[in-house]
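In case you want the letters, here they are:
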Amino acid sequence: MELYQLKTFVAVAEEGNLTKAAERIYASQPAVSGHIKALEEELGLPLFVRTPRGMQLTEVGKGLKLKADSVLLAAEDMANLAAGYREELTGSLTIVLNTDTAFLRVAELSAAMADAHPKLRLKFLQGNSGTILKDVRDRRIDAGFSFSDNRYAEVANIHLKEIPVRVVAPAAWAARVQDLPLDQLATLPWIRPDVECPFMKVLEGVFEGSGISITDFIEADSEYVIRELVAAGKGVSLLKQDDADAMVREGAAVICETGPMLSLNIGFVYPKSRENDPIIRALTDVVRGLWPEAAC
């Protein structure tokens, strides 16, 4: 019995689908099927049954899944213990960003990690909040920043800050939007966030229960694109307070004062199973130091 077989077993059990499990562990579907078949033959027990809804654990499989989880956790604990014995932390960390680097204090994070752990290599990627949470859950990445509410038990979240969000309009529309009530604001052209974007959830909350809806909009999945389109006079949108204030200073936008106060939470997420990993502990210690307002 090999650890990779147990990892495959757990992935199929949690995904309920061979294709999704293969994507999660970076393997081909035939390889996943082969791992499960070999494990079932070695154990002499059926672990799954195929159903129209996918792969479902047998009763025996449910019991063995718990044991597989504990074995994999023990193996990881051993690796973490070994890392703790080393004088210096080495290796690499992939951290995915969900918004601009200045807001996330990426330069400060890189400098602080280099000072404290010079042999750790950081890799920064760009992504969106929802995907970051899923990739942390599936251990595809080491950590990331997210605006989305964390709904995964496998993901640990450090709440860093609550961020005010403002409705902004092109500067040329200042007279047009002044004191405009919410229902009339909704009739204007909008630059609407992508449906998976946490800003979209905030936008839905603005009009929730009011019967008001936005019908004239351009959809964009990037804060940079949204800022550019607002500045170009294409519509109204939502931005972080800092971005809204910057656009006002530049003369590119005005803030619409109508409506409720809006906000998002920014969090730093990482796999809960790696809380005792010295590398992750080093990273989260630095993050907390850079965000003194972070929740303990």
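Just above sits the structure.
The shown structure was predicted, so the numbers you read here are calculated from the model rather than taken from an experiment.

Now for helix H3 (residues 29-43). Taking 1.5 Å of rise per residue, the 15 residues of H3 would be expected to cover 21 Å, and the 21 Å separating its terminal C-alpha atoms lies within 8% of that figure. Every buried residue of H3 is accounted for by Val32, His35, Ile36 and Leu39. One side of H3 holds all its buried residues, which, seen down the axis, span an arc of 95°. Across from the buried face of H3, at angles greater than 90 degrees, the exposed residues are Pro30, Lys37 and Glu41. Structurally, H3 contributes buried residues whose contacts are with helix H1 (3-15), helix H2 (18-25) and strand E1 (48-51). Where H3 ends, the next residue or the one after it, Gly44, has phi of about 70°, a positive value.

Looking now at the packing of H1 against H3. Look at H1 against H3: their axes get within 9 Å of each other, and the N-to-C directions meet at 110°. As summarised for this structure, H1 and H3 are arranged roughly perpendicular, according to the angle between their axes. Contact with H1, carried on its side by Tyr4, Gln5, Leu6, Thr8, Phe9 and Val12, involves Val32, His35, Ile36, Ala38, Leu39 and Glu42 of H3 and no other residues of that element. Considering only residue class, the contact of H1 with H3 consists of 8 nonpolar, 3 polar and 1 charged.

Procedures and definitions
- Residues numbered from 1 in each chain as written.
- Predicted model: local features only at pLDDT ≥ 70, side-chain atom pairs only at ≥ 80, totals over all residues.
- Heavy atoms only, no water.
- Helix = DSSP H or I, 4+ residues; strand = E, 2+ residues; numbered from the N terminus.
- Expected span 1.5 Å × (residues − 1).
- Buried < 20%, exposed > 50% of the residue type's maximum accessible area, 1.4 Å probe, protein only.
- Arc of directions from axis to C-beta.
- Contact = heavy atoms within 4.5 Å.
- Axes fitted to C-alpha atoms, helices over the stretch in contact; angles between N-to-C directions.
- Parallel < 35°, antiparallel > 145°, perpendicular 65-115°, else oblique.
- Nonpolar A, V, L, I, M, F, W, Y, C, P; charged D, E, K, R; others polar.

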